[in-house]
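Residue-level listing of the chains:
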Amino acid sequence: MEHPLQAWRDTLEELGVMGLVREPAQAAPTETVAVAAPPPARQPVAPPAPAPALRPAAYAPPMDPIGCPTPEAVAGATTLQDLQVAIQGCLACPLGPGRLKFVFGEGDPRAQLMFVGEGPGRDEDLQGRPFVGKAGELLDKMIGALGLRRDQTYIANVVKCRPPDNRTPAPEEARACLGYLQRQIELIRPAVIVTLGATPLRELVGVSEGITRVRGQWKRVVVGGREIPVMPTFHPAYVLRQYTQDVRRAVWEDLQAAKAWADKAQEG
Ligand code: URA
C-alpha cells in the first residue's frame, strides 16, 4: 500500500505547491502550563498553584533566519544526536523544501567501518533512514557477508535530502551538506570509509576519476585533522543494474579490503 505521506506529497505536487510546504520540524518538548480555572462566584480566591518545575532546556541549536544551522551549531554539536537536532530543519539548498524526511544516517556511533552513499531515494525519503530500498537490501547482504550486522557499521550519504527523481545531487547541493557529513565523520572517527559510487568519492574525497578506474584503490581524506583511508567501490544500485560476476567480485574484494583494514586498526 502506498505510504500516506507519499499521497500527501503527490497531492502537493499536483497542486503545484510542493516546496512551499515544509515537513514539520521535530516538535520541541513542550512545557506544561497550568491554566488557572476562574474562581467560583463569591468564594475566596485560592492562592495560585506553584509554578511547575522547569525541565532542563533541550538542545536548541542556533539557526540563521532562513532555517540553516550556523557553522557554530554544527561544530558545537558534540554528539550525533545533537548534530541531528542541529541540522534536521536545514533549508540551505533547494533539496530541503522538497523532502519528506531528513535522512541523517544511522548505525554504531563508534563504528570502525563507515559507508557513504550519494543521497536518499524514494524509500529513504519516506522512512528517514539510509539505504532501505533495493540497493540497501544488497548493501545489508554484503555487510552480512563480511560477518557484520548493519548496526555495527555506520551508513550515511553525501546529501541528507532526496534529490528529485533520484538525480545526482548538484555540486552546490553536495557542498551545502558536506560540512554535516564531515562533522558526522569527526564524531564517529571510523577507521575506514567505503564510498559507494562516484558521488561520495568526488564530493567527500575530491577524486573525480571514473569509478570504474579507481575502485579498489586506496584513497585518503582528512577530516578534522585526522587522515582516514577511503576504499572506493561501486554503488549497490550499479551492482544491481550490472549484475555480473566481475562487478560483484570487484565489490566483494573492495569490501573485504576495507574490513581487513578496520580489523587491523581495532587490534592496534
Ligand atoms: N542510494 C544512496 O546513495 N543512498 C541511499 O540512502 C539510498 C540509495
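Residues numbered from 1 in each chain as written. Predicted model: local features only at pLDDT ≥ 70, side-chain atom pairs only at ≥ 80, totals over all residues. Heavy atoms only, no water.

## As for the nonpolar core
- Within the largest apolar cluster, 61 residues are counted, with the highest numbers of intra-cluster contacts made by Met114, Phe115, Ile193 and Leu204.
- In terms of residue count, helix α6 (residues 171-188) provides more of this core than any other element does, eight residues in total.
- In contact with Ile193, not counting residues within four places along its chain, are Met114, Val116, Ile185, Leu204, Val221, Ile228, Pro229, Val230 and Met231. (Core = buried A, V, L, I, M, F, W, Y, C linked by side-chain atoms within 4.5 Å. Buried < 20%, exposed > 50% of the residue type's maximum accessible area, 1.4 Å probe, protein only. Helix = DSSP H or I, 4+ residues; strand = E, 2+ residues; numbered from the N terminus. Contact = heavy atoms within 4.5 Å.)

## Notes on the site of the ligand
- Inspection of the region around the ligand gives Gly117, Glu118, Gly119, Glu124, Pro130, Phe131, Asn157 and His235 as its neighbouring residues.
- The contact in question runs from an oxygen atom of the ligand to an N or O atom on the backbone of Phe131, over 2.9 Å.
- Between Asn157 and the ligand, the recorded distance is 2.8 Å, taken from a side-chain N or O atom to a nitrogen atom.
- About the coverage of the ligand: the protein hides 91% of its 230 Å² of free accessible area.
- Because more than half of its atoms lie within 2 Å of the grid, the ligand is assigned to the largest pocket. (Near = heavy atom within 4 Å. Polar contact = N/O pair within 3.5 Å; in protein donor to acceptor, adjacent residues only side chain to side chain. Areas by Shrake-Rupley, 256 points an atom, 1.4 Å probe, with all protein chains shown as cover. 1 Å grid on protein atoms, 1.4 Å probe; cavity = no way out; pocket = protein on both sides within 12 Å on 5 of 7 lines; lining within 4 Å. Sits in = over half its atoms within 2 Å of the grid points.)

## Structural notes on the state of the cysteines
- Per the counting criterion, the structure on display carries zero disulfides.
- A disulfide-free cysteine, Cys161 has its sulfur positioned 6.2 Å from the sulfur of Cys177, the nearest such atom.
- On the accessibility criterion, Cys161 (7% relative accessible area) is buried.
- When its relative accessible area of 9% is taken as the criterion, Cys177 is described as buried. (Disulfide = S-S within 2.5 Å.)

## Considerations on the pattern of salt bridges
- Within this structure, the stated rule accounts for 11 salt bridges.
- Between Asp140 and Arg150 there is a salt bridge; the shortest N-O distance is 3.0 Å. With Asp140 in helix α5 (residues 134-145) and Arg150 in the loop between α5 and β3 (154-157), this pair connects stretches of sequence that are 10 residues apart.
- A residue is classified by how much of its surface remains accessible, and Arg150, at 16% relative accessible area, is buried.
- Overlapping salt bridges, with partners in common, bring together Glu106, Arg129, Asp140 and Arg150 in one network. (Salt bridge = Lys/Arg side-chain N within 4 Å of Asp/Glu carboxyl O.)

## Digging into empty space enclosed by the protein
- Enumeration over the complete set of coordinates arrives at one cavity of 30 Å³ or more.
- Its volume calculated, the largest cavity comes out at about 70 Å³.
- What lines the largest cavity is a set of 13 residues, among which Cys90, Cys93, Gly96, Cys161 and Cys177 lie closest to the centre.
- Looking at the lining of the largest cavity residue by residue, the class counts come to 10 nonpolar, one polar and two charged. (Points joined across faces, edges and corners; volume = space filled by probe spheres on them. Nonpolar A, V, L, I, M, F, W, Y, C, P; charged D, E, K, R; others polar.)

## Focus: the layout of surface pockets
- For the largest pocket, the calculated volume is near 560 Å³.
- Forming the boundary of the largest pocket are 28 residues, of which Glu118, Gly119, Asn166, His235 and Ala237 lie nearest the centre.
- Taken together, the elements giving at least two residues each to the lining of the largest pocket come down to α4 (122-127), α5, α7 (198-205) and α9 (236-241).
- Among the residues forming the lining of the largest pocket, the class breakdown is 10 nonpolar, 10 polar and eight charged.

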